[in-house]
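The primary structure of each chain is shown beneath.
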Amino acid sequence: MRPGAALRDIVLRGLLALVAITLAGCSSGSNSNSNSAQPITISAGSNCDLSYTLTQSPVLIGSDPLLGDQWHLINTGQNGGTPGEDLRAAGAWSVTRGSGVRVAIIDDAVELTHPDLYPNLAQGASRSYRNGNRGSVWPVPCIQAEDDHGTAVAGLVLARDDNGIGVVGVASRASLVGYDALSTSYDIDIADALTRDNQLNAIYQNSWGSPDDGHLHPADAVFNTAIQSGLLTGRQGKGSIYVFAGGNGRCFAVSKTGECQDDNSNFDGYVNQRGIVTVCAVDNNGKSPWYGEPGATLTVCAPSSGSSPVGVTTTALTGTYESSFSGTSASTPLVSGVIALMLSVNPSLTWRDVRIILARSARRNDPTDTGWLRAADGLQFNHKYGFGVANAQAAVALAGTWSSVGGSAAMKTCDSPLRTPNLPLPDVTPEGKSTPVSDSLAIAGCDITSIEFVDIFFTASHSYSGDLKVSVSSPAAAVSQLANARICKGSTGDTCGVYSNWRFGSMRHLGEAANGNWTLTVTDMGQGDTGRFDAWSLRLYGR
């Protein structure tokens, strides 16, 4: 480990094993029509079992034979899905294919030489962080059995259209940049990748996050600094767009009594903060899949695998394709692709604009689900679905006429006083009754009339923090569910972590006014452990 580097416990957000589909007759593509250059051999290191030969050959022309399998783009009911439960991509493609926008894939590796990816490669812009390949512009896979994730992710955003082979990405004419920062998982490498070339890279795509185990996982300070720097300085002050997977932690474990234990996106320090587009998943029927992790931080969902073995078709290693990519690893790059389409029609959009447009243009899926809650400005929010499923056609249309709300420099912030209620949290009675404990604070004199994000800082001393259910209600009586009770993985002690000024985040209050009474409610849901509700405060962002 290099001095000053911390190794992160990073989880890639896919679920199912990859299934390769080899297309006969595929050859390496290129964005050059010359075939006179000598072949180039590319490898990620001397101990790798993969190497690549890059040759100059013309880009093929013709329809994409696997587009019909890509139900996530155009769902006609293939594989037993519900027609129309898709990204509405085809409706956006008549307007734009994403040209002029650079998307950086931060992952384990990306097979940049893949014939469906290479035509969109931003030449010389990628970077490897892998030991033995550090500094190379070819962050390609090293071990076939380990480094397949980033290539699948890249294809969902950026696979080339109308080149006679394979699949189509959502933004099939955007430009690809690859960073293999997860090959080391050092905090400083991840932070470097998140801010590298941030005047040229528009979107940073991240299908990874903290382990799905119910624990509180704070992000390292260098990560937080990188995100805030990118929001402030990226794209000439319009801000970098950070897209992250919301997680696959629903029912991460089952208790002795057979009850599912759910993770929550608010337990992941990578996604519980402003500036992150946090993405959930729906299946080919528009329903939350068995792994769908809830949270007040969710922005929108996108299609992915579900309870059936129907996955998503995309690029795979050695120039092939696979049909069972899954989890929020698959849904997240689809939203990155939608954002690339939005920026292509309106490059002036700020990071704040992008989040608001995604929310306002989202399609309400699973309409009979009881979790849909009324939100401001005629929107609805669901802790399983955010504001709904990303709608590429509607998002592009709205982006084209959007008047910007400004970037980080124009964003207003209001902080509440620190409340220290120091209230006891009654344990569950022998009859199973829980007693909620609440405390309120008043926001006054804040000039935010339209909230964009809320930070809730919470402190409790409790011998098992996983017993606590936490929620906050706004002056508009809108409730954000911040923490659910759960039994965390681990054998001894308070394995869920300590609520010591823990930051929860919420998109739930988008569009609400800030002033008025806010109430935090804490409920001890488990027997045998006790504690106190010590302190809390708010930070509100908006305009």
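Up top is the structure these notes are about.
1. A few points about the overall build of the protein chain
Across its full length, the protein chain holds 7 helices and 26 strands. Over its C-alpha trace the protein chain gives a radius of gyration of 23 Å, about what one expects of a compact globule, namely 24 Å for 543 residues. For the protein chain, the spread of C-alpha atoms along the principal axes amounts to about 75 × 50 × 50 Å. Contacts spanning at least 24 positions in sequence make up 78% of the contacts within the protein chain whose residues lie at least 6 apart. Surface exposure of the protein chain reaches about 18800 Å², of which carbon and sulfur atoms provide 51%. If you average the places of the 36 positive and of the 47 negative side-chain charges in the protein chain, the two averages end up 7 Å apart.

2. Side note on the side chain of Asn 201
Tracing the backbone shows Asn 201 in the loop between helix H3 (187–195) and strand E7 (203–206). Accessibility expressed as a relative area gives 0% for Asn 201, which makes it buried. There is a polar contact of 2.9 Å between the side chain of Asn 201 and the side chain of Arg 102. Polar side-chain contacts of Asn 201 include one of 2.9 Å to the side chain of Tyr 179. Contact partners of Asn 201, with chain neighbours within four places excluded, come to Arg 102, Ala 104, Val 177, Tyr 179, Arg 196 and Arg 235.

3. Focus: helix H2 (residues 149–158)
Burial within H2 is extensive, with 10 of its 10 residues counted as buried. Residues of H2 that are buried: His 149, Gly 150, Thr 151, Ala 152, Val 153, Ala 154, Gly 155, Leu 156, Val 157 and Leu 158.

4. Comments concerning the state of the cysteines
Simply put, the disulfide is a covalent bond whose two ends are the sulfur atoms of two cysteines. Per the stated rule, a full pass over the model turns up 5 disulfides. Disulfide partner of Cys 48: Cys 142, at an S-S distance of 2.1 Å. With the S-S bond torsion at -100°, the cross-link from Cys 48 to Cys 142 turns out left-handed. Of this pair, Cys 48 sits in the loop between strand E3 (40–43) and strand E4 (51–54) while Cys 142 sits in the loop between strand E5 (102–106) and H2, placing them 94 residues apart in sequence.

5. Here's the deal with the pairing of strand E23 (residues 479–483)
In this structure, strand E22 (residues 468–473) lies alongside E23, joined through 4 bridges in antiparallel fashion. Bridge pairing in E23 places Val 470 opposite Ala 483. Hairpin connection, E22 to E23: the antiparallel pair is bridged by 5 residues, and Ala 477 has positive phi, about 65°.

6. Looking at helix H7 (residues 392–400)
All of the buried residues in H7 are Ala 392, Ala 395, Val 396 and Ala 399. Viewed end-on, H7 has its buried residues packed into an arc of 95°, placing them on one side of the element. Looking at the buried positions of H7, the neighbouring elements they touch are helix H1 (89–93), helix H5 (327–345) and helix H6 (351–361). Taking the backbone nitrogen of Gln 393 as reference, a side-chain oxygen 3.3 Å away marks Asn 391 as the first, capping residue of H7.

7. Let's talk about the sheet that holds E5
With parallel pairing, the 6 strands of this open sheet are ordered in space as E6-E5-E7-E9-E12-E13. Looking at strand neighbours, the two that pair on one side only are strand E6 (175–179) and strand E13 (300–303), the edges of this open sheet. Across the sheet, the mean angle separating the axes of adjacent strands is 30° when strand polarity is ignored. Two elements, E7 and strand E9 (residues 241–245), share 4 bridges in a ladder whose sense is parallel. In the strand pairing of E9, Tyr 204 is matched with Tyr 242. Against the sheet, H5 touches E5, E7, E9, strand E12 (276–282) and E13, its axis set at about 125° to E12.

8. Here we look at the sheet that holds strand E25 (residues 516–524)
What the 4 strands build is an open sheet, ordered E20-E25-E22-E23; its pairing is antiparallel. If you trace the sheet from one side to the other, it starts and ends with strand E20 (437–443) and E23, each paired once. Recorded for the sheet is a direction-independent mean angle of 20° between the axes of neighbouring strands. Bridging between E20 and E25 involves 7 bridges; their strand directions are antiparallel. Bridge pairing links Leu 441 to Trp 518 in E25.

9. Focus on the layout of surface pockets
A volume near 360 Å³ is recorded for the largest pocket. Class assignment for the residues of the lining of the largest pocket results in 4 nonpolar, 6 polar and 5 charged. If you add up the space inside the second largest pocket, you get close to 240 Å³. In terms of lining residues, the second largest pocket is bounded by 16 residues, among which Pro 294, Gly 295, His 383, Lys 384 and Gln 481 are the most central. Tallied by class, the residues present in the lining of the second largest pocket amount to 3 nonpolar, 8 polar and 5 charged.

10. Topic: the pattern of salt bridges
The final tally for this structure, using the stated rule, is 15 salt bridges. Two residues, Lys 412 and Asp 447, come together in a salt bridge whose shortest N-O distance is 3.6 Å. Here Asp 447 lies in the loop between E20 and strand E21 (451–462) and Lys 412 lies in strand E18 (residues 412–415), a separation of 35 residues in the sequence. With a relative accessible area of 32%, Lys 412 lands in the partly exposed category.

Criteria and thresholds
- Once a new chain begins, its residue numbering starts again from 1 and follows that chain's sequence as written.
- A pLDDT threshold of at least 70 governs which residues receive local features in this predicted model, and a stricter bar of 80 or more applies before side-chain atom pairs are shown or counted, although totals over entire chains, interfaces and linings include all residues.
- Where side-chain values are given, they derive from all heavy atoms of the structure, hydrogens and water being excluded.
- Helix and strand labels come from DSSP, where a helix needs a run of H or I of at least four residues and a strand needs a run of E of at least two; each type is numbered from the N terminus.
- Each radius of gyration reported is based on C-alpha atoms, and the globular scaling rule is 2.2 Å times the count of residues to the power 0.38.
- Two residues qualify as a contact provided that any one of their heavy atoms is within 4.5 Å of a heavy atom in the partner residue.
- Surface accessibility in these figures is a Shrake-Rupley result with a 1.4 Å probe; residues are shielded only by whichever protein chains are displayed.
- Positive charges come from Lys and Arg, negative ones from Asp and Glu, while His and the chain ends are left out of the count.
- For the purpose of locating charges, the reference atoms are NZ of Lys, CZ of Arg, CG of Asp and CD of Glu.
- A simple rule labels every residue: compare its accessible area, found with a 1.4 Å probe on the protein chains alone, to the largest value its type can have, and call it buried under 20%, exposed over 50%, or partly exposed in between.
- Under this definition, polar contacts are N or O atom pairs within 3.5 Å; protein pairs additionally need one hydrogen-donor-capable and one acceptor-capable atom, and for neighbouring residues in sequence, both atoms have to be side-chain atoms.
- The disulfide criterion is simple: two cysteine sulfur atoms within 2.5 Å.
- At least two bridges found by DSSP between two strands is the condition for calling them paired.
- What the arc covers is the set of directions going from the helix axis to the C-beta atoms.
- Geometry is summarised by axes, namely lines fitted to C-alpha atoms with helices restricted to the contacting stretch, and by angles between N-to-C directions that run from 0 to 180 degrees.
- Throughout, the protein atoms alone are placed on a 1 Å grid, and a set of points is a cavity if a 1.4 Å probe fits but cannot get out or a pocket if it is open with protein on both sides within 12 Å along at least five of seven lines; lining residues have an atom within 4 Å of a point.
- Grid points are joined across faces, edges and corners, and a volume is the space filled by probe spheres set on the points.
- Each residue gets one label: Ala, Val, Leu, Ile, Met, Phe, Trp, Tyr, Cys and Pro are nonpolar, Asp, Glu, Lys and Arg are charged, and the others, such as Gly, are polar.
- Throughout this description, the term salt bridge denotes a Lys or Arg side-chain nitrogen within 4 Å of a carboxyl oxygen of Asp or Glu.

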